[in-house]
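Residues per chain are reported as follows:
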Amino acid sequence: MTTRIDRRFAELAAAGRPALVTFTTAGDPDPDTSLALLRALPGAGADVIELGMPFSDPMADGPAIQRAGRRALSAGQTMARTLAMVRAFRESDADTPIVLMGYYNPIYSYGNERFLADAVAAGVDGLIVVDLPAEADDELCVPALAAGLNFVRLATPTTDDRRLPRLLQNTSGFLYYVSITGITGAASPDPTSVAAAVARIKAKTRLPVAVGFGVKNAAQARLIGAAADGVVVGSALVQAIADTLDADGRASGHTVEAAVGLVRELAEGVRSVKKSPAAA
Amino acid sequence: MTKPVEPNSFRTGPDENGYFGLFGGRYVAETLMPLILDLERAYHEARADPAFHAELSALNTHYTGRPGVLHGNRTYLLQDDDGQIKEGHSISAGLDYPGIGPEHSWLRDTGRVEYVPIMDDEALEAFQLLCRLEGIIPALEPSHALAEVVKRAPKMGKDQIIVMNLCGRGDKDVFTVGRHLGYEL
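Worth saying up front: this structure is predicted, and the values here are computed from it rather than measured.

A few words on the pairing of strand S3 (residues 66-70) of chain B. All names here are of chain B. As judged from the 5 bridges shared by S3 and strand S4 (residues 73-77), these two strands associate in the antiparallel manner. Within the sheet, the bridge partner assigned to glycine 68 lies in S4 and is threonine 75. In textbook terms, the turn of a hairpin is the stretch between consecutive antiparallel strands, and for S3 and S4 this stretch comprises 2 residues, one of which, histidine 71, has a positive phi near 50°.

Residues and elements named next belong to chain A. The tally for this structure, following the rule as stated, stands at 5 aromatic pairs over all chains. An angle of 45° between the planes, with centres 5.2 Å apart, marks the rings of phenylalanine 9 and phenylalanine 174 as tilted. In this pair, phenylalanine 9 is assigned in helix H1 (residues 4-15) and phenylalanine 174 in the loop between helix H8 (164-168) and strand S7 (175-178), connecting sequence segments 165 residues apart. A single burial state applies to phenylalanine 9 and to phenylalanine 174, both of which are buried. For the ring pair tyrosine 104 and tyrosine 108, a centre distance of 5.4 Å and an interplane angle of 45° mean the geometry is tilted. One end of the pair, tyrosine 104, and the other, tyrosine 108, are both in helix H5 (residues 104-110), 4 residues apart, so they sit about a helical turn from each other. Residue classification places tyrosine 108 among the partly exposed residues on the basis of a relative accessible area of 24%. The aromatic ring of tyrosine 110 is capped on one face by arginine 114, whose charged end is 3.8 Å from the ring centroid.

An order of S5-S4-S3-S2-S1-S9-S8-S7-S6 (chain A) is seen for the 9 strands of this open sheet, with the pairing classed as parallel. Strand pairing shows two members of the sheet lacking a second neighbour, strand S5 (150-151) and strand S6 (153-155) of chain A, which therefore form its edges.

Attention shifts here to the pairing of strand S9 (residues 230-233) of chain A. Residues in a regular strand project their side chains so that they alternate between the two faces of the sheet. Residue and element names in this part refer to chain A. Residues Gly230 and Val232 line one face of S9 and the alternating positions Val231 and Val233 line the opposite face, and both faces are buried. Judged from the 2 bridges that link them, strand S8 (residues 209-212) and S9 form a sheet pairing that is parallel. Across the sheet, alanine 210 pairs through a bridge with glycine 230, a residue of S9. Crossover S8 to S9 through helix H10 (residues 218-227) is right-handed.

As a further point, take the environment of Asp159(B). Mapping Asp159(B) onto the fold places it in the loop between helix H6 (140-152) and helix H7 (174-181). In sequence terms Asp159(B) and Lys86(B) are 73 residues apart; their C-alpha atoms lie 43 Å from each other.

Before going further, it helps to examine the nonpolar core. Residues and elements named next belong to chain A. In this structure, Leu38, Leu100, Phe115, Leu127 and Leu140 are the most contacted members of the largest nonpolar core, which totals 66 residues. With 7 residues, the top contributor of residues to this core is helix H12 (residues 255-271). Setting aside chain neighbours within four positions, we find leucine 127 in contact with Val99, Leu100, Phe115, Leu116, Leu140, Ala144, Leu149, Asn150, Phe151 and Val152. Counting residues in hydrophobic clusters, the runner-up holds 22 residues, among them Ile5, Tyr176, Ile180 and Phe213.

Right, let's get into the environment of Thr176(B). All names here are of chain B. Inspection of the secondary structure puts threonine 176 in helix H7. Counting along the chain gives 85 residues from threonine 176 to isoleucine 91, while the straight-line C-alpha distance between them is 8.0 Å. Apart from the residues lying within four places of it in its own chain, the contact partners of threonine 176 are Ile91 and Leu140.

Looking now at the side chain of Gln220(A). With respect to the helices and strands, the residue Gln220(A) is situated in helix H10. Aside from chain neighbours lying at most four places away, what touches Gln220(A) is Ser188(A), Gly214(A), Val215(A) and Gly225(A).

Glancing now at the interface of chain B and chain A. Taken together, the contacts link 15 residues of chain B with 15 residues of chain A. Of all residues in chain B, Val69(B), Asp82(B) and Gln84(B) give up the largest surface area on contact with chain A, accounting jointly for 47% of the area buried on that side. For Glu139(A), the salt bridge identified is with Arg74(B), shortest N-O distance 2.4 Å. Those elements giving two or more residues to the side of chain B that touches chain A turn out to be S3 and S4 of chain B. By residue number, the principal contributor to the side of chain B that touches chain A is S3(B), which donates 5 residues. Taken together, the residues of the side of chain B that touches chain A sort by class into 5 nonpolar, 5 polar and 5 charged.

Thresholds applied
Here the residue numbers are simple positions, counted from 1 along each chain's written sequence. Each chain takes a letter, starting from A, and each ligand takes a number, starting from 1, following the order in which they are written. Note on the predicted model: pLDDT of at least 70 is required for a residue's local features to be given, and 80 or more for side-chain atom pairs to be given and counted; whole-chain, interface and lining totals, by contrast, use all residues. Calculation of side-chain values draws on the structure's entire complement of heavy atoms; hydrogens and water are dropped beforehand. Whether two strands pair depends on DSSP finding at least two bridges between them. Helical segments are the DSSP runs of H or I of at least four residues, strand segments are the runs of E of at least two, and each set is numbered from the N terminus. Pairing of aromatic rings covers Phe, Tyr and the six-membered ring of Trp, with a centre-to-centre limit of 6.5 Å; geometry is then stacked below 30 degrees between planes, edge-to-face above 60, and tilted otherwise. Here's how the labels work: a residue is buried when its accessible area is under 20% of the maximum for its type, exposed when over 50%, partly exposed in between, all with a 1.4 Å probe on protein chains only. As a reminder, the over-ring test applies to NZ of lysine and CZ of arginine, requiring each to be within 6 Å of the ring centre and within 35 degrees of the ring normal. Handedness of a crossover is defined as follows: with both strands directed away from the viewer, a clockwise route from the first strand across the helix to the second makes it right-handed. Take the buried Ala, Val, Leu, Ile, Met, Phe, Trp, Tyr and Cys residues and link them wherever side-chain atoms come within 4.5 Å; each set so joined is a nonpolar core. Two residues qualify as a contact provided that any one of their heavy atoms is within 4.5 Å of a heavy atom in the partner residue. In short, buried area is how much 1.4 Å probe accessible area vanishes from two parts on joining, totalled over both. What counts as a salt bridge is simple: a side-chain nitrogen of Lys or Arg found within 4 Å of a carboxyl oxygen of Asp or Glu. Gly is put with the polar residues, along with every residue not named as nonpolar or charged; the nonpolar set is Ala, Val, Leu, Ile, Met, Phe, Trp, Tyr, Cys and Pro, and the charged set is Asp, Glu, Lys and Arg.

Right under this line is the structure:
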């Protein structure tokens, strides 16, 4: 089954450049601003959109994304609203892939079957569920694949050659390589070791490899993009949103524009990478 | 030779003669037998009693949350309708968590164990009671169990016995308790 994610990565491989994958938290800082930003992302150069499902206990995330999640939850974000946001986005964009990223409990609480059906109906293309390891594939991953969604998994510098095949077994869409051992938005990745890691992973799979955790600006996006099929930027984007908020955490007139501006810069970085076009 | 019907004897329990399939026989001091038989009877009565189940169910609704997944395990969690984890609270550090051990969830669901809520002040009372009466400083965690003993014992016969597991020592908790009682240690 070909998904929007598969098609997008194939197009970009044929064009000889990496994908810019953006992460924002659904409902941050409020539902309307968040949707306005979501709608503006493709035009600014986001090739794949990761939309965070806020969770009270985001153990893989650094302070920037933790705060974004808290802002969204205080503004009343729920799973139903996150799915409604995707539905609203799909009314005007039929091609940009959307990956919902988050933690398992809000999905489990919503009901796995109901969640998968509603996600597919809303126009979601893939899921990243940080706290579900390959050992729990029967829980959500296998049903998600059966429902036609991609299930994107994270690999880290500590994922060794014994673990990698297990992890790849049911991964689809792309593999998300976490470039550092740590939380989101912490240290900056080193392009040389990222290139080596991507090569090690690509020896084991035909899936595109996107690299994230710690990419903050256009120059880094360019360097990492040269070594991978995609660059994920999350914390920097979420921080750009945070920097525009007033003392009470409310959006100002230029919140969307600030985030969009950073995405444009990042897109320039990613688009300046020239690779030999791969056969799709 | 009889064959074990169910490999999981914890779930099915031994038969009325104390056998787990072909293994068993009771290996218990004779003097404890009447108590054990009483306990068994009470257990079976409670299991069959709709009022008991109603009370248990009410307590579960108000105090023990519902199954969820947090920190890599599925267990009963304090959470809101959208699966966001609620802040737990307990005076004892060991109980200050929005979930419980997964095995407790299972014991609860299989009806083997009845769980009851105890408030901070009740645990503090029980802590002081044991210090005064026995010269034993309990940890704050089992002080909760002791508080339940204090509630139940007066309703029981003089010849009925309660076994309480005092699983920790309170020297680690004296500063917490002192603070709550208004002493600077």
